[in-house]
Structures are given as structure tokens and as C-alpha cells.
Amino acid sequence: MALHALGLGFIVSMMMGHAPVILPAVARVRLQFGPWFYLPLALLHASLLVRLCGDAFGSADALRAGGALHAVALAGFIAGTAFSAWRGRRKAT
């Protein structure tokens, strides 16, 4: 579980934190920033907490729920970034 905490808690968080800065520079897209960028990050950390508690208490249901919430957090980040790029493109024209 320590590897999951490091991989999801730190590495994926850094990806989520830096992608909105790197993506416009590399892909030449304009992102419309907003507070919704924090929602997938908060969900990622909450799901990691659910998963770690599930491991500590031996709950397989909590482990599965945490894994499903990880996927929802990553999908939400991708969808939010795509929506932000769409809004940035629409606002630029």
C-alpha cells in the first residue's frame, strides 16, 4: 500500500498539478482555468484514503471502492481538461 500511496498520492497528483501548465506549452491549446481543476485532485486523495483504510481494516469492498474512485478521478481530470480546452478555444474565437 505504500507504493500505491506514493504512486497515486504523489506522482499522479504532480501529473494533475503540472499538466495544465505543460499541456498549453506542448499542444498549443489555451486552457480556461477554474476551481473545477481541484475536484479530481480532491477525489483522488479521498479515494486513496478509502483504499488505505480498506487495506488497514481488511475490507475488500473499500479496496474496490477506492480503485473505482481512482478511475473516476482520472476520468474527471481528463474530461475537465478537455472541457477547459474547449472553453479556451471557444473564448479565443
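Residues numbered from 1 in each chain as written. Predicted model: local features only at pLDDT ≥ 70, side-chain atom pairs only at ≥ 80, totals over all residues. Heavy atoms only, no water.

K.L.:
Sorry if this is basic, but what is going on with the pattern of salt bridges here?
P.N.:
Close approach of charged atoms lets side chains of opposite charge pair. Within this structure, the stated rule accounts for 1 salt bridge. The shortest N-O distance in the salt bridge between Asp 61 and Arg 64 comes to 2.6 Å. A residue pair is termed a helical-turn pair when its members lie 3 or 4 positions apart in one helix, as Asp 61 and Arg 64 do in helix α3 (residues 60-92) at 3 residues. Each member of the pair, Asp 61 as well as Arg 64, carries the same accessibility label: exposed. (Salt bridge = Lys/Arg side-chain N within 4 Å of Asp/Glu carboxyl O. Helix = DSSP H or I, 4+ residues; strand = E, 2+ residues; numbered from the N terminus. Buried < 20%, exposed > 50% of the residue type's maximum accessible area, 1.4 Å probe, protein only.)

K.L.:
Got a minute to help me understand the packing of helix α1 (residues 2-27) against helix α2 (residues 38-57) in this structure?
P.N.:
Relative placement of two packed helices is described by the angle separating their axes and the distance separating the axes. Where α1 meets α2, the axes come as close as 10 Å, and the angle between the chain directions of the two elements is 180 degrees. By the angle class used here, α1 and α2 are roughly antiparallel. Of the residues in α2, those touching α1 at His 4, Ala 5, Leu 8, Gly 9, Val 12, Ser 13 and Met 16 are Pro 40, Leu 41, Leu 44, His 45, Leu 48, Arg 51 and Leu 52. Counted by class, the contact of α1 with α2 contains 9 nonpolar, 4 polar and 1 charged residues. (Axes fitted to C-alpha atoms, helices over the stretch in contact; angles between N-to-C directions. Parallel < 35°, antiparallel > 145°, perpendicular 65-115°, else oblique. Contact = heavy atoms within 4.5 Å. Nonpolar A, V, L, I, M, F, W, Y, C, P; charged D, E, K, R; others polar.)

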